[in-house]
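Okay, here's what each chain looks like letter by letter:
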Amino acid sequence: MSTFPEYLHSLDDDQLRALIRSRPDAFFPTPPSSGSLATRLSLPGSASRALRQLSAADLAVLEKLADAGAELDPVDASGFDDVGHLRELALVFGPVDGLRIAPGTLSALPPGWRVTDTLPDGATEALAALPARERKVLETLAASGGVGTTSAAGPDADPSAPVPRLLAAGLLVRVDANTVRLPRPVRDAMRGLPPREFPLNPPAAPPVDQHSVDEAAVTQGLDAVRQMRQLVMALMDTPVTLNKDGTVGVRAATNLEKGLGFDPRLLITVGESAGLIGRGNVDDQDVLSATRDALTWIDATLADQWAILLVGWAASPWRVDTDAKLLSADMHAPAVRNARLTILRRAGRTEQLLFHAPLEASGFSPQLTQAVVEEAEFVGALAGTPDLAQSTPLRALLQGDDVASATASLVPASVDTLIAQGDMTMLAPGPLEPDMASFIERIAELESPGLASVWRVTEDSVRRGLDGGLTAEEVHSWLKQHVLGEVPQAITFLVDDTARTHGAIRAGNALSYIRSADPALIATAAERCGLRILAPTVAVSELPLSKLMSDLRAAGMQPTAEDNHGATLNMAPEPALVAATPSTLPRAPRATDEQVEAIVAKLRAAEADSAAESGGTTFETLRAAARARRHVSVGFVDRQGRGRTLTVLPLSVSAGQVDALDEAADQVVRIALPRITKAVLA
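Quick caveat, the model's predicted, so the values are computed rather than measured. (Residues numbered from 1 in each chain as written. Predicted model: local features only at pLDDT ≥ 70, side-chain atom pairs only at ≥ 80, totals over all residues. Heavy atoms only, no water.)

## Notes on the sheet that holds strand β13 (residues 445-448)
Convention followed: Strands qualify as paired when DSSP identifies two bridges or more between them. Runs of H or I in DSSP of at least four residues are treated as helices and runs of E of at least two as strands, each being numbered from the N terminus.
Sheet architecture is open: four strands sit in the order β11-β12-β14-β13, paired in antiparallel fashion. The strands lining the two open edges of the sheet, one partner per strand, are β11 (419-420) and β13. As judged from the three bridges shared by β13 and strand β14 (residues 453-456), these two strands associate in the antiparallel manner. Residue Glu 445 lies in a different strand from β14, and its bridge partner there is Arg 456.

## Some words on empty space enclosed by the protein
Put simply, the test is: Each cavity reported here is a set of points on a 1 Å grid over the protein atoms alone in which a 1.4 Å probe fits but cannot get out, each pocket an open set with protein on both sides within 12 Å along at least five of seven lines, and each lining residue one with an atom within 4 Å of a point. Grid points are joined across faces, edges and corners, and a volume is the space filled by probe spheres set on the points. Domain segmentation is taken from an automatic or database assignment of domains. Polar here means any residue outside two lists: the nonpolar Ala, Val, Leu, Ile, Met, Phe, Trp, Tyr, Cys and Pro, and the charged Asp, Glu, Lys and Arg; Gly therefore counts as polar.
On inspection of all chains with the given rule, the structure shows two cavities of 30 Å³ or more. Of the volumes computed, that of the largest cavity is approximately 200 Å³. Lining the largest cavity are 17 residues, with Leu 222, Arg 226, Arg 229, Leu 432 and Gly 450 sitting closest to its centre. For the lining of the largest cavity, the secondary-structure elements that each account for two or more residues are α11 (210-237) and β14. A total of six residues in the lining of the largest cavity trace back to one element, the largest contributor, which is α11. Shared between two domains, the lining of the largest cavity takes at least three residues from each, and those domains are domain 2 (210-410) and domain 3 (419-501). Space inside the second largest cavity adds up to approximately 50 Å³. Every residue along the wall of the second largest cavity is listed here: Trp 318, Arg 319, Val 320, Asp 321, Val 336, Arg 340, Leu 368, Ala 371, Val 372 and Glu 375. Contributing elements (two or more residues each) for the lining of the second largest cavity: α16 (336-345) and α19 (366-379). Among the residues making up the lining of the second largest cavity, the classes are represented as six nonpolar, no polar and four charged.

## What to know about the nonpolar core
Spelled out, the test is: Put simply, a nonpolar core is a bunch of buried Ala, Val, Leu, Ile, Met, Phe, Trp, Tyr and Cys residues held in one set by side-chain atoms that sit within 4.5 Å of each other. Relative accessibility decides the category of a residue: with a 1.4 Å probe and only protein chains considered, values under 20% of the type maximum give buried, values over 50% give exposed, and everything between is partly exposed. Note on contacts: a residue pair qualifies if any of its non-hydrogen atoms lie within 4.5 Å across the two residues.
Of all hydrophobic cores here, the largest spans 101 residues; its most connected members are Leu 51, Leu 59, Leu 65, Met 228, Leu 231, Leu 288 and Trp 313. Ranked by the residues each element gives to this core, the list is headed by α11, at 11 residues. In this structure, Leu 231 is in contact with Leu 256, Leu 260, Pro 264, Leu 267, Ile 268 and Ile 277, ignoring residues within four places of it in sequence. Residues Phe 439, Trp 455, Leu 470 and Val 483 belong to the second largest nonpolar core, which totals 25 residues.

## Examining the domain arrangement of the protein
Here the protein is partitioned into domain 1 (123-191), domain 2 (210-410), domain 3 (419-501), domain 4 (512-555) and domain 5 (614-681). Here the C-alpha centre of domain 5 lies 81 Å away from the C-alpha centre of domain 3.

## Some remarks on unusual backbone geometry
For the peptide bond that leads from Phe 28 to Pro 29, omega is -5°, which places it in the cis range. Within the secondary structure, Pro 29 sits in the loop between α2 (13-22) and α3 (34-42). The omega angle of the peptide bond from Thr 385 to Pro 386 is 0°, so this bond is cis rather than trans. Tracing the chain through its elements places Pro 386 in the loop between β9 (382-383) and β10 (389-390). Backbone geometry places Ala 347, a non-glycine residue, at a positive phi of 55°. Of note, Ala 347 is situated in the loop between α16 and α17 (350-356). Under the relative-accessibility criterion, Ala 347 is labelled buried at 6%. In this model, Asp 666 sits at a positive phi of 55°, which is unusual for a non-glycine residue. Residue position: Asp 666 is located in the loop between β22 (657-662) and β23 (667-672). On the basis of relative accessibility, which here comes to 66%, the residue Asp 666 falls in the exposed class.

Spelled out as structure tokens, the structure:
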């Protein structure tokens, strides 16, 4: 078989099914013929996706085939390593003793990229000491794809010239007498990147104690849930005003961090991706606030909350490992989702990444990899010591299974009983259900997080609960219901003492009013908040009651709302909610068994299309000839409409034209690709 379409036409049903499953992007919609399929498989996008499935060992074999000329002529590959994966992806075709590289395969590789390149000894020092002329040669090659043509590449060239000196130092590689190549490690070293050696054998993976990994993951994941719940509740209470460009200001982020006690940057991006936090307009102001979906999330089980958080992080299009303003365009990088999933599949281990995903890993900076690993630990995706490993929920996510079921199998049963102690602390011996956790967060400070958490009751924490509408009776009743045994007297006295001095000012609708037995308080409130005093113990306001309560608190007072009968009202402000804009995980296309069978049947029933079988190869023939420095006979129509044929050496081929050396006329000719009628190796 001499052509790629003929090879595809010769595949049996099982081989065709395997190809459909490994490269589904080329089969939707179903190609009408083998020639059309060959064209789709040769497209840069399709070939690039296939190349990203190769390991470093596969790429090394492909490079060896390319060096032997398999892009243009059949090569005996019987002495090469296994080519089965390359054949399965249709990146090579033909018998082992006459193997060819499929059209478009090498064109889809990054320019000048080779997995077998290594950084020569002393290269870093040699680069630092390079004269200006030699550095200019390397910089030009680095900017133009890594391959260049020169008359100084031959063995008889002047050894004092820049190119021969670079060749002698190992900073350039001679392709032939007229071509040199800049190795990838040298180019990386020029950019200040650490040298990367791609292992050609699979690195050994450390043993994994999955039970220990999952235990650590649950602890960390539920702590991330707790922090997210605090962030959501804080934004419900007080939305953050955004800058004009929709970003979160430095001061606003700092104030939010002080109020929460932890850095909220990562959680804000995760919450935005998960649909729990959003940006919108409230009261004619652009704010960052909780969403309507956040109300459902707060009432969900701990397992569901963790699952939503984990999936939201994996799907997040934001990079937090930058100095850019929070939620700015500079932070938005949708491509990071694919990078994040690739890093997670190998648990962040660099050697595993460089072997199993060399093309992708070559573009990952150490900063990105480290950031993904740290974030994965935070949300409970990776855990374990001394080596990190995938948690069970992460495995479910990567395999497309139900993440919520995986988290539910790990999260221990929640508790509804607290152990209170005389030192004002309360121990929760297990995870708390959302309702119970929300209440205790209102009246106590978290002192020790974890599956078994410790909370401390303080005067400030009790006052925070009373400010939120709780009464002393409600706090006592809740403690009596949930504390094992008697509630310590120290906690009871603290609640009563704080409540006794709380609510000395009482406010109601007039539009609104305030009253107090202390005339001095009325006078102070009237002066600070612009109220009108009706009597020594009563003043009224034109503000709605909720606004008046807010102003009084801002003025340093502690009002309590009442109804027309003097009963205390819960005046916790209504949350300002915005619309959710959740992100989704990138999913590679997959063909179901039914789709595979339908495609096979349609291809088998299609009539042979001879024109399609032979067409579409001119462009790839010219590109392959340019890479291999081979002469071609080009037939084309000139500007006067006359048909011409030239034997040339292609120098460069772009999407619209080819530049070639006409050695007979000793000049470079430029021919538009639409004018070329044929291209045959000379």
